[in-house]
Amino acid sequence: MGRNTPPPGTAAQQQYIAKEMLRKRNVTACRAILLVLLLTVWELCARLEIIDDFIFSSPSRVFFCFWGMAADRSIFAHIGITLLETLVSFTLVVALALAAAMLLWFFDSLARVLDPYLVMLNSLPKSAMAPILIVWLGNHVRTIVVAAVSVALFGSILTLYNGFRGMDPDKIRLIYSLGDSRRDVMTKILLPGSIPLIISNMKVNIGLCLVGVIIGEFLAAQQGLGYLIIYGSQVFKLDLVMMSIVILCVLSAALYQGIAALEKRFG
């Protein structure tokens, strides 16, 4: 073969990459078109009085509501509070769930004892716990963080622990055959092999933490997007409610994409 001859399969690989890039551009374009279409239909229905824009609002009313609060920068304080509470609770969930799952894997008897209780706590409706948390902890930010952590923690522990248990047993036996300890199995096999699972679990937890923060802000907040939703519904400022919901959608998508970028980096 000549010196400048491309290796076999190069043309096919380039064609495949080109098709994948085209497919991604088409998906992105379709998403943008769908969003514009939904907003257009929503706005037209409001302007043609097919729906009551006082109750259902409209994209233009949401925009002007946001613009008014952006002018005095009050909306950014609410977004910042909700984002901070979400990130703090998310960090706690990741750290506590990973530590608890490792502890359960190290002590199998403890895992057998606690398994039904973890399942029960994971199945418990967390919104039912919020009023009790206010009584126990008071009307503070820590109540909101605890509420958010409780939404995601127990399911995350179960997912990570079951992931550890499902690790390739041959690799574990190999480590033991070389004379290494259970700690070595954890550091050399389980944790490195579970990185995709951990990051995938984080993608779920970031959304759950945001949900938990909003639940907490419904009951124990003077700032935040959850507070704006409750306040707007009480005083019939439904533009404020819809604006807060739209911001929450954008915020949740941005947080999810941030974890997805981390998955591409380490997955």
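First things first, this report covers the structure right here in the doc. In this text the structure is predicted, and so the values were computed from the model without any measurement. (Residues numbered from 1 in each chain as written. Predicted model: local features only at pLDDT ≥ 70, side-chain atom pairs only at ≥ 80, totals over all residues. Heavy atoms only, no water.)

## Re the packing of aromatic side chains
Thought 1: Following the criterion strictly, the structure yields five aromatic pairs and no others.
Thought 2: Taking the centre distance of 5.5 Å and the plane angle of 65° together, the rings of F63 and F64 count as edge-to-face.
Thought 3: Counting every residue linked through ring pairs, the aromatic cluster contains F63, F64 and W67. (Phe/Tyr/Trp six-rings, centres within 6.5 Å; stacked < 30°, edge-to-face > 60°.)

## A word on the pattern of salt bridges
Thought 1: This model, assessed by the stated rule, comprises five salt bridges.
Thought 2: The salt bridge partner of E43 is R47, with a shortest N-O separation of 2.7 Å. Remark: R47 and E43 occur in helix α1 (residues 10-47); sequence separation between them is four residues, near one turn of the helix.
Thought 3: The exposure class assigned to E43 is buried, which follows from its relative accessible area of 14%. (Salt bridge = Lys/Arg side-chain N within 4 Å of Asp/Glu carboxyl O. Helix = DSSP H or I, 4+ residues; strand = E, 2+ residues; numbered from the N terminus. Buried < 20%, exposed > 50% of the residue type's maximum accessible area, 1.4 Å probe, protein only.)

## Points about the environment of V41
Thought 1: Summarising the element assignment, V41 is placed in helix α1.
Thought 2: When its relative accessible area of 41% is taken as the criterion, V41 is described as partly exposed.
Thought 3: Taking the C-alpha atoms as reference points, V41 and S58, separated by 17 residues in sequence, lie 9.7 Å from one another.

## Comments concerning the nonpolar core
Thought 1: Ranked by internal contacts, the top residues of the largest apolar core, which has 51 residues, are I75, W105, V185, L190, L225, L228 and M243.
Thought 2: Looking at this core, the element that brings in the most residues is helix α7 (residues 141-165), giving ten residues.
Thought 3: Beyond its immediate chain neighbours, meaning those up to four positions away, L228 contacts M69, I75, H78, L240, M243 and S244. (Core = buried A, V, L, I, M, F, W, Y, C linked by side-chain atoms within 4.5 Å. Contact = heavy atoms within 4.5 Å.)

## Structural notes on the packing of α7 against helix α10 (residues 195-219)
Thought 1: At their nearest, the axes of α7 and α10 sit 7 Å apart, and the two run at 155° to each other. With respect to α10, the axis of α7 lies roughly antiparallel. Considering how the two elements wind past one another, α7 and α10 form a crossing that is right-handed. Between α7 and α10, the residues in contact are I144, A147, A148, V151, A152, S156, T159, L160 and G163 and L197, I198, N201, N205, L208, C209, G212, V213, G216 and E217, respectively.
Thought 2: Counted by class, the contact of α7 with α10 contains eleven nonpolar, seven polar and one charged residues. (Axes fitted to C-alpha atoms, helices over the stretch in contact; angles between N-to-C directions. Parallel < 35°, antiparallel > 145°, perpendicular 65-115°, else oblique. Left-handed = near helix turned anticlockwise from the far one by under 90°. Nonpolar A, V, L, I, M, F, W, Y, C, P; charged D, E, K, R; others polar.)

## A word on the state of the cysteines
Thought 1: Within this structure, the stated rule accounts for zero disulfides.
Thought 2: Free of any disulfide, C65 has its nearest cysteine sulfur in C249, 15 Å distant. (Disulfide = S-S within 2.5 Å.)

## A look at the side chain of S57
Thought 1: Tracing the backbone shows S57 in the loop between α2 (53-56) and α3 (59-71).
Thought 2: Residue S57 is classed as buried on the basis of its relative accessible area of 0%.
Thought 3: A polar contact of 2.7 Å, which involves the side chain of S57, links it to the side chain of D239.
Thought 4: Leave out the neighbours within four places in its chain, and S57 touches W42, A46, I51, D52, V62, D239 and M242. (Polar contact = N/O pair within 3.5 Å; in protein donor to acceptor, adjacent residues only side chain to side chain.)

## What to know about α1
Thought 1: Between the first and last C-alpha of α1 there are 55 Å, a value that for 38 residues agrees with the 56 Å anticipated at 1.5 Å per step.
Thought 2: Turning to α1, its buried residues number three or more, namely T10, W42, E43, C45 and A46.
Thought 3: The first or second residue beyond α1 is E49, which carries a positive phi of 60°. (Expected span 1.5 Å × (residues − 1).)

All we've got here are geometric facts, nothing functional implied.
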